[in-house]
Amino acid sequence: MDLLKAARDVRMRAWAPYSRFKVGAALRAESGAVYAGCNVENVAYPEGTCAEAGAIAAMVAGGDTRIAEITVIADSPEPVPCCGGCRQKIAEFAGPEVRVTLATTDGKTRVMSVAELLPGAFSAAHMDRT
Ligand code: THU
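Thresholds applied
- Residues numbered from 1 in each chain as written.
- Predicted model: local features only at pLDDT ≥ 70, side-chain atom pairs only at ≥ 80, totals over all residues.
- Heavy atoms only, no water.
- Near = heavy atom within 4 Å.
- Polar contact = N/O pair within 3.5 Å; in protein donor to acceptor, adjacent residues only side chain to side chain.
- Areas by Shrake-Rupley, 256 points an atom, 1.4 Å probe, with all protein chains shown as cover.
- Nonpolar A, V, L, I, M, F, W, Y, C, P; charged D, E, K, R; others polar.
- Helix = DSSP H or I, 4+ residues; strand = E, 2+ residues; numbered from the N terminus.
- Buried < 20%, exposed > 50% of the residue type's maximum accessible area, 1.4 Å probe, protein only.
- Lys, Arg positive; Asp, Glu negative; His and termini not counted.
- Salt bridge = Lys/Arg side-chain N within 4 Å of Asp/Glu carboxyl O.
- Contact = heavy atoms within 4.5 Å.
- Patch = residues over 30% accessible without salt bridge, like charges linked within 9 Å, V, L, I, M, F, W, Y side chains within 5 Å.

J.: Can you help me understand the site of the ligand in this one?
T.: Every residue lining the ligand is accounted for by Ser19, Phe21, Val23, Asn39, Glu41, Cys50, Ala51, Glu52, Pro81, Cys82 and Cys83. The separation between an oxygen atom of the ligand and a polar side-chain atom of Asn39 is 2.9 Å. In the environment of the ligand, an oxygen atom lies 2.9 Å from a nitrogen or oxygen atom belonging to the backbone of Ala51. Protein chains shield 77% of the accessible area of the ligand, which is 370 Å² for the free molecule. Classifying every residue of the shell around the ligand gives 7 nonpolar, 2 polar and 2 charged.

Right under this line is the structure:
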């Protein structure tokens, strides 16, 4: 399945009455399965969740834990960069070489790696003192 189409489709279901900024994310797990998520806001603003977090939660619930590729789309003038928290969430399940595509609804894309998205990522290795 085309990740850009999956991200575009799920974006339409975003719940964003406060920011009015709908975001869609779709990822392909190493198994080949595609998982999608949209942002889900809440009147208690900090309770809102990002599209990337939704796609990752769907992936884990679906039984996958490794991301092979991820695409994020929003109606922004330039491809929307994932927030800091989502960069860390993606890095939990993706190697540094994994491709991240940031897209706009009018067709602009920016492709980068997870290492570029989150340079110097904190990882489990930083807790290893042996
Ligand atoms: N948002 C995402 O879902 N992903 C991003 O990468 C950037 C921001 C959402 C969170 C909030 O619902 C809205 O966009 C405005 O910040």
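J.: Even after reading the chapter, I still don't get the side chain of Arg87, so can you show me in this structure?
T.: Structurally, Arg87 can be placed in helix α3 (residues 84-93). The buried charged residue Arg87 lacks any salt bridge partner; its closest oppositely charged side chain belongs to Glu52, at an N-O distance of 7.7 Å. Once you skip the residues sitting within four places of it in the chain, Arg87 turns out to touch Pro81, Cys82, Leu117 and Leu118.

J.: Got a minute to help me understand a nonpolar patch on the surface in this structure?
T.: Among the surface-exposed residues, Trp15, Tyr18, Val40, Val43 and Tyr45 lie close enough to one another that they form a single nonpolar patch of about 570 Å² accessible area. Along the chain, Val40 falls in the loop between β2 (34-38) and α2 (51-61). Take Val40: its relative accessible area is 39%, and that puts it in the partly exposed class.

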